[in-house]
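# Examination of the molecular architecture
Listed below are the residues making up each chain.
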Amino acid sequence: MMKRNIAYVLIAFLVFLLCCSCTSLSLEMKAQNEGVPEWVYVPQKQSGRVFFVGKGTDKDSYRASLKASIDISSQLAEYLGAPLSDDQYRELTTLRTIRDYSLSVQSKAEKTNSDGTVTIYLLAAASENKLYQLRSSTAEEKDQLLLDVQKKQDEAQAFYQKDMDIEAVKTYLDAARLAYTNQIETISSDALVDKACSILQRTQMKIIDSDPSMCRCTVSVQRRNRFFASAIDKATVRASVDAKGASGTLYRDSFVFASGKDGKFEFISPNDGILKQSSVLFQIDLGSSLEEFTKAMPLETSQRVTSILEEKTAMLDYSLTSPFAGTQIVLSVIEMDLTGDVTSPSDEPSDTSKNLGTLLEDSGIAVSLLGTDAADDDAAFQQALESAYPFYGYLIDARVGVENSYQSGTVTSVLANGSVKIYKRGESSPVFDSGTVQSAASNKDADAAVKEAFELYGNTICYRIRDWFFFL
C-alpha cells in the first residue's frame, strides 16, 4: 500500500512538471508567432527583482509608449495597494525610472498591427526589498485607517447615546469619508451615510418664545421619536442675518450657536448693524465635517445630506421696535477744526447732525435736531435745550473734530476724532459713553476730505447709538 501511494505522488508530480513545461512552451511559441520578445508573455524571474510588463496601443508610437508606462504604474499601484505619487508617476512616464523603488525600464518591444496601430511593450524591473517595505508600510497604514474608521463609528454611536445627535452625524460623515477615500472594502461608506441621514431626518428645529420687536428668540433642537421628542445637546446651529456696514453696504452675516442639555439656545444678534426689518435663518451646521465630506464624496452622495439639511431650517421674521419709541430724543453734533474751534453753524444743526439724524430715522429712532448755540457753555447749552424741547427724554450729545490733516501730492488726508454720550433727562452722568471714535478720509479737496471723514464718523456711531436704544 505504501509503495502504491508513493507511485501516485510521483505520477502527479510528473504531470505537474509536464503541464508547466507545456504552458511555458506554449507562451514561448505565442511570442515567436507574434514577433515579440519572449518576456512579453513569459514571466521573468531574478533573485531580488520584481518584473512588470506594460502594454500600450495607439496610432502614434509615442502615445502607445506612454500608455505602456501608465499600464506599469497601474500594476505597481495594485501590487503596493496604494496609488503612485504625482512625482513618481511623472518620473516613470518621462524618465522610465522610479528611484524610490529602484525601478527602471530594461527592454522595449514594438509591434505594428494589421489595423495600422502600434503596440509598445515595456519590461520594467524593481527592487523586491523596497517594494516589500513599501507594501508593508501601506498595509500598516490601511490597518490603521481601518481602526480609525471603526473608532469613529464607536464615537458616533456614543454621541448618539448621549443625545448629541449632531455630533454623531458629523462623526459618521467623517468615518464615511475616510472609508470611501481610502477604499476600505470591509466597511461600507454608504451604510455610514445612511446612519447620518437617518439621524438628521429625525432632527427637528423650532422657534419658541420669540420677540420680533427685539430680534430675539429661543431655538429648540430635538430628536423626533415615535411618541415624544427629546432634547439634543450641543447641536450646532448657524444663524444668518442681513446687516448694513458703516459704509452703508448690505451684507450677509452669520454666527454659530450650540444648544444646551435642554436642547435650546437663546438667540440675540451679535451684529448691531442688522436691518430694521428682515428675517433670521437658522440652519443645522455640520461645519468642516460637511465641507470635507462634500469635497471627497460623489455628488449624489453629498446631495443626500445637503437636501435633508435644507429642510431642517427655522425662520424668525422681525421688525425692530425701540423700547424708547414715543420718547422724544434730541440730537446735537458739534463740529470742530484742527485747533478745536467750533465750525458748525450756531443757528442750525450741523451737517453731521443732519446726516446722523437721517441714519437714525432709517434705523427706527426718531430724533429732534438741536443747533450748536453756546456749545462751549454747558449751562447755556442746557438752557437752549430745555427751551427748544421742554419735554425731551434723552439727549444724544456728539462731538467730532479734525485730529490731523496732511498733504501728499495733490491729496489731502484727514483723521477725525470724535465721541458720543447719551444723557437721560435730569441726570448729569451719561447712560452711555462711546469713548474715542476715529475715522479717516482722503480727497483732492481739503474741505471734501473733512466732510467725508465726518460722515464716516456719523455712520460709525449710528450703530452704537441704535444698539443702546434697541438692545439696552
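What counts and how
Counting starts from 1 at the beginning of each chain's written sequence and moves along it residue by residue. Local features in this predicted model are restricted to residues of pLDDT 70 or higher, and side-chain atom pairs are both shown and tallied only at a pLDDT of 80 or more, whereas totals for entire chains, interfaces and linings draw on every residue. As a rule here, side-chain values cover all heavy atoms of the structure and leave hydrogens and water aside. We count a stretch as a helix when DSSP gives it H or I for four or more residues in a row; a strand needs E for two or more, and each element gets its number in order from the N terminus. Two N or O atoms form a polar contact when they lie within 3.5 Å of each other; inside protein one atom must be a possible hydrogen donor and the other a possible acceptor, and for residues adjacent in sequence the pair counts only when both atoms belong to side chains. What makes two residues a contact is simply this: any of their non-hydrogen atoms within 4.5 Å. Cysteine sulfur atoms that pair up within 2.5 Å are treated as a disulfide. Throughout this description, buried means an accessible area under 20% of the type-specific maximum (1.4 Å probe, protein chains only), exposed means over 50%, and partly exposed covers the range between. The criterion for strand pairing is that DSSP finds at least two bridges linking the strands in question. Angles shown run from 0 to 180 degrees and are taken between the N-to-C directions of axes, each axis being a line fitted to C-alpha atoms and, for helices, limited to the stretch in contact.

As a further point, take the side chain of Thr171. When you line up the elements, Thr171 lands in helix 5 (residues 165-181). A polar side-chain atom of Thr171 sits 2.8 Å from the main-chain carbonyl oxygen of Glu167. Beyond its immediate sequence surroundings of up to four residues, Thr171 is in contact with Lys152, Glu155, Ala156 and Phe159.

Turning our attention to the state of the cysteines. The final tally for this structure, using the stated rule, is zero disulfides. Free of any disulfide, Cys215 has its nearest cysteine sulfur in Cys217, 7.4 Å distant. Of all cysteine sulfurs in the structure, the one in Cys215 sits closest to Cys462, which takes part in no disulfide; the separation is 16 Å. The class of Cys462 is buried, set by a relative accessible area of 2%.

Take the sheet that holds strand 8 (residues 236-244) next. Across the sheet, four strands lie side by side as 9-8-11-12; this open sheet has antiparallel pairing. Every interior strand has two partners, whereas the edge strands, strand 9 (250-258) and strand 12 (313-319), have only one. Neighbouring strand axes in the sheet, compared pairwise and without regard to direction, differ in orientation by 20 degrees on average. In this structure, strand 8 lies alongside strand 9, joined through nine bridges in antiparallel fashion. When the sheet's bridge partners are listed, Ala239 is paired in strand 9 with Phe255.

Without other data, these values stay purely geometric and don't point to any function.
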